[in-house]
Amino acid sequence: ELLSHGASTCDFVEDSPSALHALKANVAGLRLPRGRTRIFRRDAIPMVEATPTHHWDLVFMDPPWGSAKLARVVEGWLRSPWSRVLLVEHAADQPFPRLPRAWEGTRLPPVQVEDALLTCLVAPAEGQEAPDPEDADRDDRGQDGAVPRRSGRPGPAGAPGGRRKGRTRGALLL
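These numbers come from a predicted model, not from an experiment.

Chemist: Where do I start with the overall build of the protein in this structure?
Modeler: For the protein, the count of helices and strands is 3 helices and 9 strands. Mapped from its N terminus to its C terminus, the protein presents α and β elements in the order β-α-β-α-β-α-β-β-β-β-β-β. Taken across its 174 residues, the protein has 36% of its residues classed as buried. Considering only residue pairs separated by 6 or more positions, the protein has 76% of its internal contacts joining residues 24 or more positions apart. Accessible surface, the protein: about 10300 Å² in total, of which carbon and sulfur atoms supply 51%.

Chemist: Looking at this structure, I do not really get the nonpolar core. What am I missing?
Modeler: A general feature of soluble globular proteins is that nonpolar side chains tend to end up buried together. Counting 22 residues, the largest nonpolar core has V74, W77, W82, L86, F96, L99 and L121 as its most contacted members. Elements with a contribution of two residues or more to this core: α2 (44–49), β3 (56–61), α3 (69–79) and β4 (83–91). Looking at which element gives the most residues to this core, the answer is α3, with 5 residues. Membership of the second largest hydrophobic core comes to 6 residues, among which are L3, C10, F12 and L23.

Chemist: What is the right way to look at the pairing of β3 in this model?
Modeler: Two faces, one strand: in a regular strand the side chains alternate between the faces of the sheet. With respect to burial, β3 is a largely interior element, 5 of its 6 residues being buried. When β3 meets β4, the two strands line up parallel, connected through 5 bridges. Looking at β4, one finds that L58 is bridged to V85. What joins β3 to β4 is α3, and the crossover it makes is right-handed.

Chemist: Explain the pattern of salt bridges to me, please; I cannot follow it from the model alone.
Modeler: Side chains carrying opposite charge are able to pair once their charged atoms draw close together. Taken as a whole and assessed by the stated rule, the structure comprises 4 salt bridges. A salt bridge links D11 to R38; its shortest N-O distance comes to 2.8 Å. With D11 in strand β1 (residues 10–14) and R38 in strand β2 (residues 37–41), this residue pair connects regions lying 27 residues apart in the sequence. Classification of D11 as buried rests on a relative accessible area of 5%. Overall, R38 belongs to the partly exposed group, its relative accessible area being 44%. Across the pair K69 and D15 runs a salt bridge, and its minimum N-O distance is 3.7 Å.

Cut-offs used in this document
- Residues numbered from 1 in each chain as written.
- Predicted model: local features only at pLDDT ≥ 70, side-chain atom pairs only at ≥ 80, totals over all residues.
- Heavy atoms only, no water.
- Helix = DSSP H or I, 4+ residues; strand = E, 2+ residues; numbered from the N terminus.
- Buried < 20%, exposed > 50% of the residue type's maximum accessible area, 1.4 Å probe, protein only.
- Contact = heavy atoms within 4.5 Å.
- Areas by Shrake-Rupley, 256 points an atom, 1.4 Å probe, with all protein chains shown as cover.
- Core = buried A, V, L, I, M, F, W, Y, C linked by side-chain atoms within 4.5 Å.
- Pairing = 2+ DSSP bridges.
- Right-handed = clockwise from strand over helix to strand, strands pointing away.
- Salt bridge = Lys/Arg side-chain N within 4 Å of Asp/Glu carboxyl O.

Here it is as structure tokens:
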């Protein structure tokens, strides 16, 4: 999907053998030029922890629902945002890791699609200092805790997940 909407490259990380097999078949079916995709068979956490800041434009993460991977990846991203945008799909009943108050403005309102929540974090621009993730003054889901419900395709141009002008440099799917 990202490649069809302008991503110049897309990296995939998967450690489940059956999911890896399906992923390889899907990528092969796209018949893309060599070098547009890379597939890594490994645990995503050590990979992203060793990645420089702003390496990818977008990371889409769909960890096993209910697993501790959600918190570990978000905490690692807060220490060193290795993507400009982190979009996470998780179970609607699974609390998203609490963010330091200094990071409140980086989280867009989550969107509920059936039994899943999509939560989006946006990193400070390159050259701007990231807020300290150790800030003890934390907030969770917002003042009312409400989550907007949506169905169907992503939003309009310029909206997170929507079409935008220009090309995305690269994306990572975990």
